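# Per-entry structural report
Below, each chain spelled out in residue letters.
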Amino acid sequence: MNLTKQFFKYVSQNIFGLLGTSCYILADTYFISQAAGTDGVTLLNLCLPVYNFIFAVGSMVGLGAATRYAILKAQGDERCQRYFSNAIFCACVLSVPFLLVGIFAPGGLLRLMGGDAGIMALGIPYARIFLMFTPFFMCNYIVSAFVRNDGDPSLAMVATLSSSLFNVVFDYIFMFPMGLGLAGAALATAVSPIISISICSRHFFKKENSVQFVRQRPSVKLLGQSCQLGISGFVGEMSSGVTTTVFNFLLLGLAGNVAVAAYGVVANFALVATAIFNGVAQGAQPLVSECYGKSDKAGARKLLILGSCTALVLAAVLYGIIFGATDALVGVFNSESSARMAQFAHMGMRLYFVGYFFAGFNIVAAGYLSATNRPVEASVTSICRGMVAIVACSLVLSRLFGMNGVWAAFPASELLTAVLTLFLLLRGKKQTAKPLNIKLLFAQRFLGRKPTLRGVTGHCPPLCGGLAGFFFEHPAQVVGTGKAAQAGYHVQCVLPVEQQPLGCFNTHSGEVFARRHANGCGKGAH
């Protein structure tokens, strides 16, 4: 199967799987709006940032570990097997604070998110139940990511869709026939990741499976390596939570609970849109990582172009649907027929969704940067769109234009991020043609100092200790395969000689020169 066909196979299956996940949130919203009206939608919108944070942590650990696994597997490195078991253990540990909050302080959490006394009384059972199932939410992300990266995206899609269908059906059964109310909605949502994990686990019994659960001590080092490549996934998931939190507080100040309920409608449809573009990015990730592991730069660039074009087409289709059916979509969640809420949500939908013309490209590009082992650029892009730009734009534009300024903050922040992302992609392309300048890549305050190793520039060569040794077990993971350096006995040789396209490290200029001979670049090199 050629690369283009593989791309559309992986992307389409991943989109359908993530759409299933977002659709059960829509089902939650619909059933809760029928059971508790505007207050129920407000409650769900106050809880969404917590959901986002849980999913963000699972995404960071799961996608990051699975990406490391895919790259090392493509390079034939047996260390790839250590990431799965380490990710599962770390996710269980990271879920403990959420468990404790769910058991002892769900009301305090709702108060912190802006809920009044009525919202807290309504929402404590809901928040308690879903927080206590946090380990399953996180582990579900990890298991599905590894199954997808091990060449079985179809099973991952079936698992996600099945768990989503379970959630929708049992939302109704628990809430209405069984009379559990909002607690029933939380219970259906909490059980759904267990269904997904059970189905994905079938992959581990297949002959094609190459993922192994290794008995080992938990490694902070492996977790750090995973989180490096998963930070864009974390910020991508967290961006919805940050946006929702900031918008909730701004809208509460501008128009009260009705405005927050209107944003709840916008935010739920936005989750569906974000799921579509995350599907493009996460579907392409295993293929991009495989191309990167095999040093196929042309293939990786082709996948970036395919992903960006696909995102643009999907954004146009999505906005056409939103613009043409705004009132009908808003009416689904307006069970009390509130004219004020409908007015706020109508304008919000049409302004907010313009941002996806830029957000689609940003999400795909951040996924590409992570999959090609460029975590710094991926983090810059993701943090800009998920936190810095959206907060700044919402504060400034809401002050200038009121409610419309809040809705316009999302497209404005995504446009700014798209400009930055394009700059980083073009800058990275230019730098690949230049000699590697180690001193620009490794700040000495992070990698440690050894004054005896400094040249005229005053900078020490890499791999001198400090945090480099904390997060990287092998020097090749710092410098990157194909970019290793030799500097006498001061800098370790990170690859076998026959795999080294580069030669010695010059401490005076801070550059690595092309290898001219298998024996290095010293005397006798030709």
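Above this text sits the structure in question.
Keep in mind that this is a model prediction, so the values were computed, not measured. (Residues numbered from 1 in each chain as written. Predicted model: local features only at pLDDT ≥ 70, side-chain atom pairs only at ≥ 80, totals over all residues. Heavy atoms only, no water.)

### Points about the overall build of the protein chain
- Within the protein chain one finds 20 helices and 2 strands.
- Relative to its 526 residues, the protein chain shows a buried fraction of 57%.
- Intrachain contacts of the protein chain at a sequence separation of at least 6 include 76% that bridge at least 24 residues.
- Of the roughly 22200 Å² that the protein chain leaves accessible, carbon and sulfur atoms contribute 66%. (Helix = DSSP H or I, 4+ residues; strand = E, 2+ residues; numbered from the N terminus. Buried < 20%, exposed > 50% of the residue type's maximum accessible area, 1.4 Å probe, protein only. Contact = heavy atoms within 4.5 Å. Areas by Shrake-Rupley, 256 points an atom, 1.4 Å probe, with all protein chains shown as cover.)

### Description of unusual backbone geometry
- Phi is positive for Ser-295, close to 60°, though the residue is something other than glycine.
- Mapping Ser-295 onto the fold places it in the loop between α10 (257-293) and α11 (297-324).
- Positive phi values are uncommon outside glycine, yet Asn-373 reaches one of about 60°.
- Relative to the helices and strands, Asn-373 resides in the loop between α14 (356-371) and α15 (375-401).
- Asn-373 gets classed as partly exposed once you look at its relative accessible area, which sits at 23%.

### So, the packing of aromatic side chains
- In total, this model carries 31 aromatic pairs according to the counting rule given.
- Here Phe-31 and Phe-176 contribute two aromatic rings whose centre-to-centre distance is 6.1 Å and whose plane-to-plane angle is 65°, an arrangement assigned as edge-to-face. Here Phe-31 is found in helix α1 (residues 3-74), whereas its partner Phe-176 is found in the loop between α7 (153-175) and α8 (182-200), with 145 residues between them in sequence.
- You can call Phe-31 buried: its relative accessible area is 13%.
- Ring centres of Phe-166 and Phe-170 lie 4.3 Å apart, and the angle between their planes is 25°; this geometry places the pair in the stacked category. Of this pair, Phe-166 and Phe-170 both sit in helix α7, separated by 4 residues, roughly a single helical turn.
- Under the relative-accessibility criterion, Phe-170 is labelled partly exposed at 27%.
- Taken together through their ring pairs, the aromatic side chains of Phe-247, Tyr-263, Phe-277, Tyr-352, Phe-353, Tyr-356, Trp-407 and Phe-410 make up a single cluster.
- A cation over a ring is seen here: Arg-350 above Phe-323, with NZ or CZ 4.1 Å from the ring centre. (Phe/Tyr/Trp six-rings, centres within 6.5 Å; stacked < 30°, edge-to-face > 60°. Lys NZ or Arg CZ within 6 Å of the ring centre and 35° of its normal.)

### Describing the layout of surface pockets
- The computed volume of the second largest pocket comes to approximately 160 Å³.
- Forming the walls of the second largest pocket are 13 residues, and the residues nearest its centre are Pro-49, Val-50, Phe-53, Phe-98 and Leu-109.
- When residues of the lining of the second largest pocket are traced back to their parent elements, those giving at least two are α1, α3 (96-104) and α9 (220-255).
- The element that contributes the greatest number of residues to the lining of the second largest pocket is α9, accounting for 4 residues.
- Residue composition of the lining of the second largest pocket, grouped by class: 11 nonpolar, 2 polar and no charged. (1 Å grid on protein atoms, 1.4 Å probe; cavity = no way out; pocket = protein on both sides within 12 Å on 5 of 7 lines; lining within 4 Å. Points joined across faces, edges and corners; volume = space filled by probe spheres on them. Nonpolar A, V, L, I, M, F, W, Y, C, P; charged D, E, K, R; others polar.)

### Focus: helix α13 (residues 339-352)
- For α13, which comprises 14 residues, the first-to-last C-alpha distance of 20 Å matches the rise-based estimate of 20 Å (1.5 Å per residue) to within 8%.
- Listed as buried for α13 are Met-341, Phe-344, Ala-345, Gly-348, Met-349 and Tyr-352. The arc enclosing the buried residues of α13, seen along the axis, measures out at 130°, which places them on a common side. Opposite the buried face of α13, by more than 90 degrees, sit the exposed residues Ala-339 and Gln-343. (Expected span 1.5 Å × (residues − 1). Arc of directions from axis to C-beta.)

### Quick look at the state of the cysteines
- The full count for this structure, using the stated rule, is 0 disulfides.
- In this structure Cys-90 is a free cysteine whose sulfur lies 7.8 Å from that of Cys-227, the closest cysteine sulfur available.
- Residue Cys-90 is classed as buried on the basis of its relative accessible area, which comes to 10%.
- Counting only cysteine sulfurs, Cys-92 is the nearest neighbor of Cys-139, a cysteine outside any disulfide, at a range of 4.1 Å.
- Residue Cys-139 is classed as buried on the basis of its relative accessible area of 11%. (Disulfide = S-S within 2.5 Å.)

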